[in-house]
Amino acid sequence: MAAHGLFRINIDADQFSVDLRRADFVPVIIRRTEFCPDCKEYIGVGYQFAACSKARIARHGKRMIICKNTACIQCHQNRRIKFFCKRADCRGGINGSRALTGYKSRNGGFFLTPCGRVQTPTLSMMVRREEERNKFVSRDYYEIHGTFAISGGQAYDGRWFDPSFEKKEGDEHLKPERIWDAQKAKAIAAKCMGKPADVSETQKPAFQSSPPLYDLTALQRDANGRFGFSAKTTLSIAQALYEKHKALTYPRTDSRHLPEDYVSVARDLMGTLKGGEFGKFAAEAADKNYVKPDKRIFDASKVSDHFAIIPTQVIPEGLSDAERKIYNAVVQRFLAVFFPPAKFLQTSRISVVEGESFRTEGKVLEVPGWKAIYGIDPTEEATLAALISGKPVVAENVEVRNEQTKPPPRLTESTLLSFMENAGKYVDDEDLREAMHERGLGTPATRAAIIEGLISDKYVVREGKELIPTAKGIELLTMLSAMGIEELTSPELTGEWEHKLNRIEKGQFTRESFMREIQDLARRMVGNIKGYDEQKDRKPAGFNNPLDGQPMYETPSRWETHDGSLVIRKVLGGRQMSGPEIVELIKEKRLGPLQGFRSKMGKPFTAVIRLVDKGKVEFVFDDGEGGEKPEIVNPESLGNSPVDGSPVFETVASYMSQSAIDGDKTKGFRMGKTLLGKPLDRESMGKMLTEGKSGLIKGFQSSKTRRFFDAYLKLSPQGKLQFEFPPREFKGRGRGSAKTAETQ
């Protein structure tokens, strides 16, 4: 035992004594004692140590006991390795953060600029996605949809596709059902309209097994997708269910399996769950003996410090709504993994009209299996209209739909957690990728805190489910790249550390060498930041000063004239300013109203900005504060206020009645020029005031769901804004038809 640098443990009638032969021992609360068949003595299982592959985890208020089992020794070594990693994080992160904060605050003020081995690469993922979205150029394409009538039966829908289509590398938007020429699409639709179809159909069964048990990351992702919970919220709820209600096992785990000897425990747990909300499913699992040894569920080799999150023998009472959702999710997943797979009947129907092919796909749930636990009833599934032997099929209606390609979606907490968990996939070096294979960025217990840290540091904002990098976050990555510290923005640094820590475990590398490299990295980072001169990266901005025609220049953080007489920061009020916006601001001395500004509290606002002198920029809100009267930019009245009948004018940032301009806050009418992400032009405002309703405005974005919608705008007699929605275009699945291919 001493040869491994651990402790001699004496166990006598459940009385524990620890021979402290090493001074660096940190006691850990033990949760259960068990006889180890490998060591032939009693051992203990704690929070951070997996004592042996046979050990079960339960509560026990004693100190950590370590056996002679190799797994225990390895676990102790892993604990020390994690300690090295924490020290390295501290040296790199603290020094880098202090240096960056000092650099950003060099001209006055205090601009906290944290960075870190895990936090900054995580931010980099979101910034890269945002850059992809900004560079994306939407393209029009066309789809042909047909409704096919069966003589004496129900109709079904189908979508045209190219049977000879071959996927090409480099363009993910090319798909067999898309046509890029409007005239070609219209010609096909006209050719097929009202013509008979030759129909062929194939059917085959398909099976879908339940997803595995939850680890913390999987639970956080699922809760974000189903309930909209943040990773932090899910972790705090799961921790409360574990500590306060004793209803779940330890939640901060990265394992999705159970030890092999937990089969009997799972069977006993089914008996307990009979008395809960999903009792009928637990009873079915117990009566039909669904709980059996299965490597997909019981595999000790895939159990790390803790096993998967499962319910305990305690049926909790008095749970809040959020706690009930998380608890039920864990119970449902625990039951589902033991249930039989769901069975589907997949139908693929090809309708050929005048040589053009239309595909209809149906997927009918025949046996729900584990899906029944989630309330899915096969009798409620839509079925594909059956063909009738000998009866003709005709393309009753064929239409062309104009669609547009869409940019990649922004990351949500669910997708970001997945990216962090699988960050090794984005590392080019094979050795480093292998070292990160089971680790990723951060740990299940820290990823929620990393995301919340990015939000509290104003690098990221949360809008609905989306995580959006701010101008501050984008600027940080630009600065790090310019300073030659790119490794801090890539998961490769984590891969490199993990690779070297693995070598330390095998005796191929020393702890002293590892820490010396970390010190060198910290010195280089601080040196690069302190010695960085932004003017070295000064380059032409690609546009000219509108006042004198001389070229404008840019550095990583600002725009400036050729002689440096005018300098404007690229980030104003938390918003990244573009080149064309800077040109207009210099020319007109005023710009806006613009969206996307952020207050110090992180709340978004819309404002007009005004250039005062030598790059100083002021925000204009039309609120009349400070005794300054709102400026009318167009003296022509748009109509009369529905509140008091006074004329309405366009001001710098809004539309205001004369009474509001004069300071009447009771009857004065005011409406901003931007509404739910959409500019409100003079024509629409004028129609509302004179005709009672604007024309149809497309592209509003809901502040709650973040979904886009179209609407007419109306004003009530009290001046309140109202939305009137146009009739919804029906794009259903047809009478008794199934979803088409892409929807599936």
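All of these numbers come straight from a predicted model, not from anything done at the bench.

Caption draft 1: View of the side chain of Ser255. As for its position among the elements, Ser255 is in the loop between helix H5 (231–243) and helix H6 (263–273). Among the polar contacts made by the side chain of Ser255, one reaches the main-chain amide nitrogen of His257 at a distance of 3.3 Å. From its side chain, Ser255 meets the backbone oxygen of Lys302 in a polar contact 2.9 Å long. Once residues lying within four places of it in the same chain are set aside, the contact partners of Ser255 are Tyr214, Asp215, Lys302, Val303, Ser304, His306, Phe307 and Ala308.

Caption draft 2: Representation of the packing of helix H2 (residues 119–135) against helix H9 (residues 413–421). Two numbers describe how H2 lies on H9: the axes approach to 10 Å, and their chain directions differ by 125°. Looking at the two axes, H2 sits oblique to H9. You can see that H2 and H9 cross each other, and the crossing is right-handed. For the pair H2 and H9, contact is made by Thr122, Met125, Met126 and Arg129 and by Leu416, Phe419 and Met420, respectively. Considering only residue class, the contact of H2 with H9 consists of five nonpolar, one polar and one charged.

Caption draft 3: Representation of the sheet that holds strand S7 (residues 196–208) within the structure. Taken together, six strands build a closed barrel; the order of strands is S5-S6-S9-S8-S7-S10 and the barrel is antiparallel. Direction aside, neighbouring strands of the sheet carry axes that sit 35° apart on average.

Caption draft 4: Spatial organisation of the sheet that holds strand S29 (residues 708–715). Spatially, three strands are ordered S28-S29-S30 in an open sheet, and the strand pairing comes out antiparallel. On the outer flanks of this sheet lie strand S28 (697–701) and strand S30 (721–724), each paired with one strand and no other. Here the average twist between neighbouring strands, direction ignored, is 60°. As judged from the three bridges shared by S28 and S29, these two strands associate in the antiparallel manner. Residue pairing in the sheet places Phe700 in a bridge with Phe709 of S29. Its contacts with the sheet place helix H17 (residues 682–691) against S28, S29 and S30, and it is angled at close to 45° to S29.

Caption draft 5: Highlighting the packing of aromatic side chains. If you walk through the whole model with that rule in mind, you get 17 aromatic pairs. Seen from their ring centres, Phe281 and Phe339 are 6.2 Å apart, and the 70° between their planes marks the pair as edge-to-face. Taken together, the residues Phe281 in helix H7 (residues 279–287) and Phe339 in the loop between helix H8 (321–336) and strand S8 (342–353) connect sequence positions 58 residues apart. The buried category is assigned to Phe339, whose relative accessible area is 6%. An angle of 90° between the planes, with centres 5.9 Å apart, marks the rings of Trp370 and Tyr374 as edge-to-face. These aromatic residues form a ring-pair network of at least three members: Phe148, Tyr156 and Phe358. It is Arg106 that lies over the ring of Tyr103; its NZ or CZ is 3.9 Å from the centre. For the cation-ring pair, Arg575 lies above Phe597, with the distance from its terminal atom to the ring centre recorded as 5.7 Å.

About the criteria used
Residues numbered from 1 in each chain as written. Predicted model: local features only at pLDDT ≥ 70, side-chain atom pairs only at ≥ 80, totals over all residues. Heavy atoms only, no water. Helix = DSSP H or I, 4+ residues; strand = E, 2+ residues; numbered from the N terminus. Polar contact = N/O pair within 3.5 Å; in protein donor to acceptor, adjacent residues only side chain to side chain. Contact = heavy atoms within 4.5 Å. Axes fitted to C-alpha atoms, helices over the stretch in contact; angles between N-to-C directions. Parallel < 35°, antiparallel > 145°, perpendicular 65-115°, else oblique. Left-handed = near helix turned anticlockwise from the far one by under 90°. Nonpolar A, V, L, I, M, F, W, Y, C, P; charged D, E, K, R; others polar. Pairing = 2+ DSSP bridges. Phe/Tyr/Trp six-rings, centres within 6.5 Å; stacked < 30°, edge-to-face > 60°. Buried < 20%, exposed > 50% of the residue type's maximum accessible area, 1.4 Å probe, protein only. Lys NZ or Arg CZ within 6 Å of the ring centre and 35° of its normal.

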